[in-house]
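Chain residues, written in single-letter form:
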Amino acid sequence: MKEAVFYEKINEKKLRCNLCPHHCVISPGKTGICRVRKNIDETLFSLVYNQPLTQSTDPIEKKPLFHFYPGSAAFSIATVGCNLRCLHCQNADISQAHPDRFPTSEVSAEKIVENAVNTGSKSIAYTYTEPTIFYEYAFDIATQAHKKDLKNVFVTNGYIEKDPIRRIAPILDAANIDLKAMSEDFYQTVCGAHLQPVLDAIKEYYEQGVWIEITSLLIPGYNDDEKTLSKIADFIASIDSDIPWHVTGFHPTYKLTDTSPTPLSTLDKAVKIGKKTGLNYVYQGNRGIGENTYCPNCGKELISRSGFRVSKNISNKGICPECNTSIAGVHMQ
């Protein structure tokens, strides 16, 4: 365990966690919504510090990040826990679990970085569950990673307060952030959260200089109507039309097993809406098509992808060879 950051004492026994917008008030011996931050003797502790549930190497495109060192490897880690309760969570077995359910071995931040270096990864991705809830561990790993010229990537639901973003931003290089809908009702009913804090966090990550890409999982009957898609595209464009938007297909899972998979036509519709709105980079996810990067000026195909793999990249470090237009991203290879 390690003492948590961003909390305060509100009386002689109870603590308020200020890491995420839930601001859980935690009684002695209890945990917050995430299940991994516990009040022990009037001190808030992270129960998952140095306790990775998984370590693996993935293509950076799997995060998905298409404009951040495309074609590179990301060393991916996760712990138990999450601060949302999404009915459609694809990793509910670990995100919604208590730390005691999974026996783990202690792995230091330095060892994680060593493992990442040994795999030849370009970055460390804090992913699979929500990195916000293992913030202290992620922060210490990220600090060590930068010393070894490794980049750091969050794959996040965006449910985090501004101060934690500002603290980690100097050592956080990129983030793929879920924007699940543009409806407060959706966030409350489906995710157990609120919309506005996510919108605020997206803006904060961007303003702090973290490269961001946005993902929206389209669930039939929940968030796939034209009005919702237009609102998401408009919001992204209001920040920067160069922010990539990934629209991905839903598969029945967890507590939404009675909902149909997303038809390809819905993803096509979302791509058209995004491009009509003025977004320069809109991608379809988990359908095996619609994943290539094109120059927004001349339309030249620059990066070809199949699944999560780059099969061709003719950009010259982010410059279109056809018209010399700069392609948004971080050190495109």
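Residues numbered from 1 in each chain as written. Predicted model: local features only at pLDDT ≥ 70, side-chain atom pairs only at ≥ 80, totals over all residues. Heavy atoms only, no water.

A. Inspection of helix α7 (residues 226–239) at higher detail. Along its 14 residues, α7 runs 20 Å from first to last C-alpha, staying within 8% of the 20 Å computed at 1.5 Å per residue. Of the residues making up α7, those classed as buried are T228, L229, I232, A233, F235, I236 and I239. Each buried residue of α7 lies within a common arc of 155° when the element is viewed along its axis, so the set occupies one face. For α7, exposure combined with an orientation more than 90 degrees from the buried face picks out E226, K227 and S238. Looking at the buried side of α7, the elements it contacts are α6 (196–207), β12 (211–218), β13 (245–249) and α8 (264–277). (Helix = DSSP H or I, 4+ residues; strand = E, 2+ residues; numbered from the N terminus. Expected span 1.5 Å × (residues − 1). Buried < 20%, exposed > 50% of the residue type's maximum accessible area, 1.4 Å probe, protein only. Arc of directions from axis to C-beta. Contact = heavy atoms within 4.5 Å.)

B. Spotlight on the sheet that holds strand β5 (residues 37–40). One open sheet accounts for 3 strands, arranged β1-β6-β5; its pairing is antiparallel. The strands lining the two open edges of the sheet, one partner per strand, are β1 (2–3) and β5. Across 4 bridges, β5 lies against strand β6 (residues 43–46) in antiparallel orientation. Following the sheet pairing, I40 is matched in β6 by T43. (Pairing = 2+ DSSP bridges.)

C. Looking closely at unusual backbone geometry. Residue P64 is reached from K63 by a cis peptide bond, and omega for that bond is -10°. Structurally, P64 is set in the loop between β7 (54–59) and β8 (73–78). Although it is not a glycine, F6 adopts a positive phi angle of roughly 60°. Here F6 is to be found in the loop between β1 and β2 (7–9). Under the relative-accessibility criterion, F6 is labelled partly exposed at 23%.

Purely geometric numbers; function is a separate question.
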